[in-house]
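# What the coordinates show
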Amino acid sequence: MSRLVLFLAANPNPITLTVTNETRDDLAPRLTQIVRNGHTQPISGPDGQEYVVNFSNVVVAHFE
């Protein structure tokens, strides 16, 4: 499992989403472009949950 850490413009506290390694491998090469363009992106969690992230509000995103 991996964690996607998101820092929002209006919130000093990061939001951490647990994701599968497959999701990380899919998103990691595109993460810079997704944040730059402010895309809304569905992200699959390890338990089958799906999150929808509006990256136009994200200042910094990285995987741990």
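See the structure shown above.
Summarised in this report is the structure supplied together with it. Since the model is a prediction, treat every value here as computed from it, not as a measurement. (Residues numbered from 1 in each chain as written. Predicted model: local features only at pLDDT ≥ 70, side-chain atom pairs only at ≥ 80, totals over all residues. Heavy atoms only, no water.)

### Considering the overall build of the protein chain
For the protein chain, the count of helices and strands is two helices and five strands. The order of helices and strands in the protein chain, counted from the N terminus, is β-β-α-α-β-β-β. In terms of C-alpha radius of gyration, the protein chain reaches 11 Å, essentially the compact-globule figure of 11 Å for 64 residues. For the protein chain, contacts bridging at least 24 residues in sequence account for 46% of all contacts bridging at least 6. Only carbon and sulfur atoms are counted for the fraction: they give 48% of the accessible area of the protein chain, which is about 4,000 Å². Charge separation in the protein chain, taken as the distance between the mean sites of 4 positive and 6 negative side-chain charges, equals 9 Å. (Helix = DSSP H or I, 4+ residues; strand = E, 2+ residues; numbered from the N terminus. Rg over C-alpha atoms; globule rule 2.2 N^0.38 Å. Contact = heavy atoms within 4.5 Å. Areas by Shrake-Rupley, 256 points an atom, 1.4 Å probe, with all protein chains shown as cover. Lys, Arg positive; Asp, Glu negative; His and termini not counted. Charge placed at Lys NZ, Arg CZ, Asp CG, Glu CD.)

### Some thoughts on the pairing of strand 2 (residues 15-19)
Bridge count between strand 1 (residues 2-8) and strand 2: five bridges; the pairing is antiparallel. Across the sheet, residue Leu6 finds its bridge partner in strand 2, namely Ile15. In this antiparallel pair of consecutive strands, strand 1 and strand 2, the connection spans six residues. (Pairing = 2+ DSSP bridges.)

### Section: the nonpolar core
Membership of the largest hydrophobic core comes to 13 residues, with the highest contact counts inside it found for Leu6, Ile43, Val53 and Phe55. For this core, the elements supplying multiple residues, two or more each, are strand 1, strand 2, helix 2 (31-37) and strand 5 (58-63). Sorting elements by how many residues they give to this core places strand 5 first, with three residues. Discounting chain neighbours no more than four positions away, the residues touching Phe55 are Leu6, Leu31, Ile34, Val35, Gly38, His39, Gln41, Ile43 and Ala61. (Core = buried A, V, L, I, M, F, W, Y, C linked by side-chain atoms within 4.5 Å. Buried < 20%, exposed > 50% of the residue type's maximum accessible area, 1.4 Å probe, protein only.)

### Quick notes on the pattern of salt bridges
Two side chains bearing opposite charge may form a pair once their charged atoms approach each other closely. Across all of its chains, the model carries three salt bridges by this definition. Residue Glu64 is joined to Arg3 by a salt bridge in which the shortest nitrogen-to-oxygen separation is 2.5 Å. On the criterion of sequence distance, the pair formed by Glu64 in the segment after strand 5 and Arg3 in strand 1 is long-range, its members being 61 residues apart. Judged by relative accessible area, which is 41%, Arg3 ranks as partly exposed. In this structure, Arg30 and Asp26 form a salt bridge, with 3.1 Å as the shortest nitrogen-oxygen distance. (Salt bridge = Lys/Arg side-chain N within 4 Å of Asp/Glu carboxyl O.)

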